[in-house]
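Spelled out, the chains give:
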2 protein chains.
Amino acid sequence: MWSIKLRYRKQWSSFEIIILGFAGVILAGALLLMLPVASREGNVTPFTETLFTATSAACVTGLAVRDTGSYWSVFGQSVILLLIQIGGLGVVTIAVSIAMLSGRKISLMQRSTMQDAISAPKVGGIVRLTRFILKGTFGIELLGALFLLPVFFRDYGGKGIWMALFHSVSAFCNAGFDLLGKTDHLYPSLTSYVGNPLVNLTIMGLIVTGGIGFLTWDDIYTKKYHFRQYCMQSKVILLTSLFLIFVPAAFFFFRDFAGMPVKERTLCALFQSVTTRTAGFNTADLSGMTGASQAIMIVLMMIGGAPGSTAGGMKITTFAVLTANASATFRQREDTQMFGRRVGQEVLKNASTILMMYLFLVLMGGMVISVAENLPISECLFETASAVGTVGLTLGITPQLGVLSKGILIALMFLGRVGGLTLVYAAMPGRKSAHAKMPLEKINVG
Amino acid sequence: MWSIKLRYRKQWSSFEIIILGFAGVILAGALLLMLPVASREGNVTPFTETLFTATSAACVTGLAVRDTGSYWSVFGQSVILLLIQIGGLGVVTIAVSIAMLSGRKISLMQRSTMQDAISAPKVGGIVRLTRFILKGTFGIELLGALFLLPVFFRDYGGKGIWMALFHSVSAFCNAGFDLLGKTDHLYPSLTSYVGNPLVNLTIMGLIVTGGIGFLTWDDIYTKKYHFRQYCMQSKVILLTSLFLIFVPAAFFFFRDFAGMPVKERTLCALFQSVTTRTAGFNTADLSGMTGASQAIMIVLMMIGGAPGSTAGGMKITTFAVLTANASATFRQREDTQMFGRRVGQEVLKNASTILMMYLFLVLMGGMVISVAENLPISECLFETASAVGTVGLTLGITPQLGVLSKGILIALMFLGRVGGLTLVYAAMPGRKSAHAKMPLEKINVG
Ligand SMILES: [K+]
Ligand SMILES: [K+]
């Protein structure tokens, strides 16, 4: 009897597992952060604030309503770091890893969920890929921490070890949380290290490494220097990333940071460009940047990083597909092509949907917050783009937002991290039975 | 010999004819406006300013670098009105009309050019359609002038006849030029009639009539009250227009114009919503509106009006197709559908291209102007969206712009009126010979 009953249990789809697992981790994190031991002063932090913090950490966003360095205790910071690491790797990777480490056989169901979670091209090799992801992540995070150690040890002594580790993980996972705040100087991010090449280059290296995605690394690792043999997706990610790093950096260099010496100015422009698409650290005061630069940053935040990476946003592949499609239209070619490969119609359909969805969410969210809080729309758009791109940069308005606005940002962060299409596929029952094709009718656009 | 030579002349494509005809009209207008007799003071106005004015008029935009009412003479205003009428009807409609009126037979070439110019579904019935467009346009403009006459006659005496006619044509063509400026009160638009129901309702009626397009009117005229029999395109245009008029109007009503009595406030909110998508008149000071409302206006300006109408922008059908596509993705349907009809893949490809192009142009243009003029980015984006949507609303910065910024706005207005795809098709030689299909390769988006 029992076994029959068990067989009747609902079969979860991989998308439902991803979302529920994620939500569960966030809820657990929020409850842990409410414990008095989590805050430096021994307070019970209100649930709305811990939920915001846990969502921000697990979604590797970095928006904060409490200064991480001065408000939370080492226990609280550890909870946040754990959430960041889980969020960066993804709940499914974690679950599969635990199953692997405990020696269990990975079921086909788990493999296929893992495939959906990291957008892997095929089910085969998932176990090998998971191992690669784990080794790569911890290896690089450790390496990053070693590079950061000299500076933090010099500035903070023994505590510097914890700080080097925290910032390395936070950077690789593109989380953007920092521990540098003091009670008399909240939310400083990395501004005190604006001219430090070691910190700048290490953090940038970690961000870029984390942001181009595990699949790209696997491709690079497998095929080494043979760029032509890379998957089309890896080529697109690598080249688009280069473009999206250096072009905005050049703009920032010429338009901002006028008072700085050239070396510092170069680092600063480059850092702000690298960090904007998803990492969320900053070494300069963003509200002091020009309006045009802030607009570029909003666009970069919405574009985000690579699929199957620690980054959020609508993803650089979406941006690349839409651009390639425009180029194909202009050249009157029937198919959208990149690097000698055709892109499917389904992909354009999804990319176009995602663009509309992100534009809609950022605009609507920004508008509601602007109305609810009576704040300038440009600052609110910066905030919503930052949330949906899981970036975490802010012009400074996050901490004083009301419950409605916090709720909107929480929803946007979750959506940005889980990915719009995952949410859609989870909410909807499997592909509907084939409808009768409607007759085609002409409609003019543009 | 002669006839042989003549046969060798280049065959222009319809898109080239549309663009060159348009450019020719603008150039002629700019030269006429340079004549001393065109300005009230008998000045020779600089070419950059007359080119801007002529482009703005022929592209029915309404951005002005000289106050139309106080700077230009009646001759100058007549040139502007003629340009507006040509721009509103379209150069090709004008050319075909002249050929028809002179009793000549309309060649297949002309019919097909006309078809492309007004985005008509088929070549057949073009002559009938042209007649319908001419009768409809002049009939409605005359009717509008009669409605406006009492108010303008009361306020301006005999000159009121000219003013009623000018504003009726300017409203129906969605041009947004007005003659109400005085040397001590420049660029007032219709602010002095903010509470006048007759002026408000007449102008709104003219704007909406002109903005939904000749093809829609032809559909309504042919099928009367049988909404179900309308083309899918007409249904989409009518319903999307209703949505895009009343939803923003409700927002403006609650967020802006707080000091006004309810009747005036309703009119004012409705007017600002109707005018924003392409007409460009205003009855309220736009720079006094909230940031959120200004952001909505930027979106509305980019969306614009119906294809084959006097309106600019990326067109409401583009917006509708992209939204329907998003809805189809969410519901996991393979095909994009509207009103029981399927939308072709080619249409989505074009719609997506247009969205990317407009986003790119508005952002890049706004950024360059912001840098060149040292103005806030939000105001510059408002200006570029206004130009590309051929709207003509401004937060007040147009008149003092430099040559580079004026050039950008001229280019955007031209592109917005001619339509992005027309330009593309004209610039590129006909559809390239079929390429070998590239192999399909998977890429993840979102
Ligand atoms: K982040
Ligand atoms: K206009």
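Residues numbered from 1 in each chain as written. Chains lettered and ligands numbered in written order. Predicted model: local features only at pLDDT ≥ 70, side-chain atom pairs only at ≥ 80, totals over all residues. Heavy atoms only, no water.

Undergrad: Describe the overall build of chain A, with residues and values.
TA: Of the regular secondary structure elements, chain A holds 19 helices and two strands. The buried share of chain A, reckoned over its 446 residues, is 58%. In chain A, 68% of the contacts between residues at least 6 apart in sequence involve partners at least 24 apart. With the model as given, the accessible surface of chain A reaches about 18,300 Å², and the carbon-plus-sulfur share is 68%. (Helix = DSSP H or I, 4+ residues; strand = E, 2+ residues; numbered from the N terminus. Buried < 20%, exposed > 50% of the residue type's maximum accessible area, 1.4 Å probe, protein only. Contact = heavy atoms within 4.5 Å. Areas by Shrake-Rupley, 256 points an atom, 1.4 Å probe, with all protein chains shown as cover.)

Undergrad: Pulling in residues and values, what's your account of the coordination of the potassium ion (ligand 2)?
TA: Residue and element names in this part refer to chain B. Binding of the potassium ion (ligand 2) to the protein goes through V60 (O), T61 (O), N174 (O), A175 (O), T278 (O), A279 (O), T390 (O) and V391 (O), at separations of 2.5 to 3.1 Å. Mapping the donors of the potassium ion (ligand 2) onto the primary sequence yields the spacing V-T-x112-N-A-x102-T-A-x110-T-V. Taken together, the residues V60 in the loop between α3 (47–58) and α4 (68–71) and A175 in the loop between α9 (159–172) and α10 (197–211) connect sequence positions 115 residues apart. (Donors = N, O, S within 2.8 Å, 3.2 Å for Na, K, Ca; no water.)

Undergrad: Describe the environment of L20 of chain B, listing the residues and the values that go with them.
TA: Relative to the helices and strands, L20 of chain B is located in helix α2 (residues 14–34). The spatial distance from the C-alpha of L20 of chain B to the C-alpha of V91 of chain B is 9.6 Å, given a sequence separation of 71 residues.

Undergrad: Got a sec to walk through the coordination of the potassium ion (ligand 1)? Specific residues and values, please.
TA: At this site the potassium ion (ligand 1) is bound by V60 of chain A (O), T61 of chain A (O), N174 of chain A (O), A175 of chain A (O), T278 of chain A (O), A279 of chain A (O), T390 of chain A (O) and V391 of chain A (O), with donor distances of 2.5 to 3.1 Å. According to the relative accessible area criterion, V60 of chain A is buried, its value standing at 0%.

Undergrad: Outline the packing of aromatic side chains, listing residues and values.
TA: As enumerated under the stated definition, the model contains 16 aromatic pairs over all chains in all. Considering the side-chain rings of F253 of chain A and F254 of chain A, the 5.3 Å spacing of their centres and the 90° angle between planes classify their relative orientation as edge-to-face. The class of F254 of chain A is exposed, set by a relative accessible area of 65%. Ring pairing ties together the aromatic residues F152, Y156 and Y193 of chain A, which thus form one cluster. Sitting above the plane of the Y71 of chain B ring, R66 of chain B keeps its charged end 4.5 Å from the centroid. (Phe/Tyr/Trp six-rings, centres within 6.5 Å; stacked < 30°, edge-to-face > 60°. Lys NZ or Arg CZ within 6 Å of the ring centre and 35° of its normal.)

Undergrad: Any chance you could break down the nonpolar core for me, citing the residues and the numbers?
TA: By size, the foremost hydrophobic cluster in this structure holds 266 residues, and its most contacted members are I84 and I203 of chain A together with I84 and I203 of chain B. Of all the elements, helix α16 (residues 345–373) of chain B adds the most residues to this core, at twelve residues. Setting aside chain neighbours within four positions, we find I84 of chain A in contact with A57, V60, F166, V169, S170, C173, A175 and F177 of chain A. (Core = buried A, V, L, I, M, F, W, Y, C linked by side-chain atoms within 4.5 Å.)

Undergrad: Provide a residue-level description of the environment of T275 of chain A, including the pertinent values.
TA: Residues and elements named next belong to chain A. Take T275: it is sitting in helix α13 (residues 262–276). With a relative accessible area of 0%, T275 lands in the buried category. Every residue in contact with T275, bar those within four places of it in the chain, is listed here: I207, G280, F281, V391 and L393.

Undergrad: Lay out the packing of helix α14 (residues 291–303) of chain A against helix α17 (residues 377–388) of chain A in plain terms, naming residues and giving numbers.
TA: Residues and elements named next belong to chain A. At a minimum axis distance of 8 Å, the contact between α14 and α17 shows a crossing angle of 25°. Put simply, α14 runs roughly parallel to α17. For the pair α14 and α17, the sense of crossing is left-handed. Residue-level inspection shows Q294, M297, I298, M301 and M302 of α14 in contact with α17, the latter providing S378, L381, F382, A385 and S386. Its residues assigned to classes, the contact of α14 with α17 shows seven nonpolar, three polar and no charged. (Axes fitted to C-alpha atoms, helices over the stretch in contact; angles between N-to-C directions. Parallel < 35°, antiparallel > 145°, perpendicular 65-115°, else oblique. Left-handed = near helix turned anticlockwise from the far one by under 90°. Nonpolar A, V, L, I, M, F, W, Y, C, P; charged D, E, K, R; others polar.)

Undergrad: Which residues make up the confidence of the model for chain A, and what values go with them?
TA: Residues and elements named next belong to chain A. When the pLDDT values of chain A are averaged, the result is 83; 89% of them are 70 or greater. Element-level mean pLDDT values for chain A span from 43 in helix α1 (residues 2–7) up to 91 in helix α9 (residues 159–172). Counting contacts from residues 1–9, a segment whose pLDDT is below 50, to residues more than four positions away or on other chains yields zero contacts. (pLDDT = per-residue confidence, 0-100.)

Undergrad: Account for the UniProt feature "transmembrane region" (unreviewed entry) in chain A, naming residues and giving values.
TA: Within this numbering scheme, the UniProt entry marks residues 12–35, 79–101, 132–153, 198–217, 237–254, 286–306, 351–372 and 408–428 of chain A as carrying the feature "transmembrane region" (unreviewed entry). Its end C-alpha atoms 22 Å apart, residues 79–101 of chain A is made of 96% helix and 0% strand. (UniProt positions renumbered as here; feature names shortened; annotations may be inferred.)

Undergrad: Lay out the pattern of salt bridges with the relevant residues and their values.
TA: Any two side chains of opposite charge can pair, given that their charged atoms come close. Inspection of the entire model under this criterion finds eight salt bridges over all chains. Residue D219 of chain A pairs with K223 of chain A through a salt bridge whose shortest N-O separation is 2.7 Å. Taken together, the residues D219 of chain A and K223 of chain A, both in helix α11 (residues 214–223) and four residues apart, mark about one turn of the helix. Taking the relative accessible area as the measure of exposure, D219 of chain A reaches 5% and is therefore buried. With relative accessibility at 22%, the residue K223 of chain A sits in the partly exposed group. A salt bridge links D218 of chain B to R128 of chain B; the shortest N-O distance between them is 3.1 Å. On the criterion of sequence distance, the pair formed by D218 of chain B in helix α11 (residues 214–223) and R128 of chain B in helix α8 (residues 126–156) is long-range, its members being 90 residues apart. Given a relative accessible area of 45%, R128 of chain B falls into the partly exposed group. (Salt bridge = Lys/Arg side-chain N within 4 Å of Asp/Glu carboxyl O.)

Undergrad: A description of the packing of helix α5 (residues 74–89) of chain B against α9 of chain B should follow, citing residues and the corresponding values.
TA: Residues and elements named next belong to chain B. Between α5 and α9, whose axes approach to 10 Å, the crossing angle comes to 30°. Taken together, the axis directions place α5 and α9 in an arrangement best described as roughly parallel. In the crossing of α5 with α9, the sense of the turn from one axis to the other is left-handed. The segment α5 lies against α9, with V74, Q77, S78, I80, L81, I84 and Q85 engaging W162, F166, V169 and S170. When grouped by side-chain class, the residues that make up the contact of α5 with α9 number seven nonpolar, four polar and no charged.

Undergrad: Which residues make up a nonpolar patch on the surface, and what values go with them?
TA: All names here are of chain A. A cluster of nonpolar side chains, contributed by F227, L239, L242, F246 and F339, occupies part of the molecular surface with about 460 Å² of accessible area. With respect to the secondary-structure elements, F339 resides in the loop between β1 (337–338) and β2 (341–342). For F339, a relative accessible area of 36% gives the class partly exposed. (Patch = residues over 30% accessible without salt bridge, like charges linked within 9 Å, V, L, I, M, F, W, Y side chains within 5 Å.)

Undergrad: Describe α17 of chain A, naming the residues involved and giving the relevant values.
TA: A rise of 1.5 Å per residue sets the reference length of α17 of chain A, with its twelve residues, at 16 Å; its end C-alpha atoms lie 16 Å apart and thus fit the reference within 8%. Counting buried positions along α17 of chain A yields ten of twelve residues, so the element is predominantly enclosed. Among the residues making up α17 of chain A, those that are buried are I377, C380, L381, F382, E383, T384, A385, S386, A387 and V388 of chain A. The elements touched by buried residues of α17 of chain A are α14, α16 (345–373) and α18 (403–418) of chain A together with α14 (291–303) of chain B. Among the residues trailing α17 of chain A, T390 of chain A stands out with phi positive, at a value near 45°. (Expected span 1.5 Å × (residues − 1).)

Undergrad: Could you give an account of unusual backbone geometry, with specific residues and numbers?
TA: All names here are of chain B. Of note in the backbone geometry, K224 takes a positive phi value of approximately 50° without being a glycine. One non-glycine residue, T390, lies in the positive phi region at around 45°. Within the secondary structure layout, T390 lies in the loop between α17 (377–388) and α18 (403–418). Residue classification places T390 among the buried residues on the basis of a relative accessible area of 0%.

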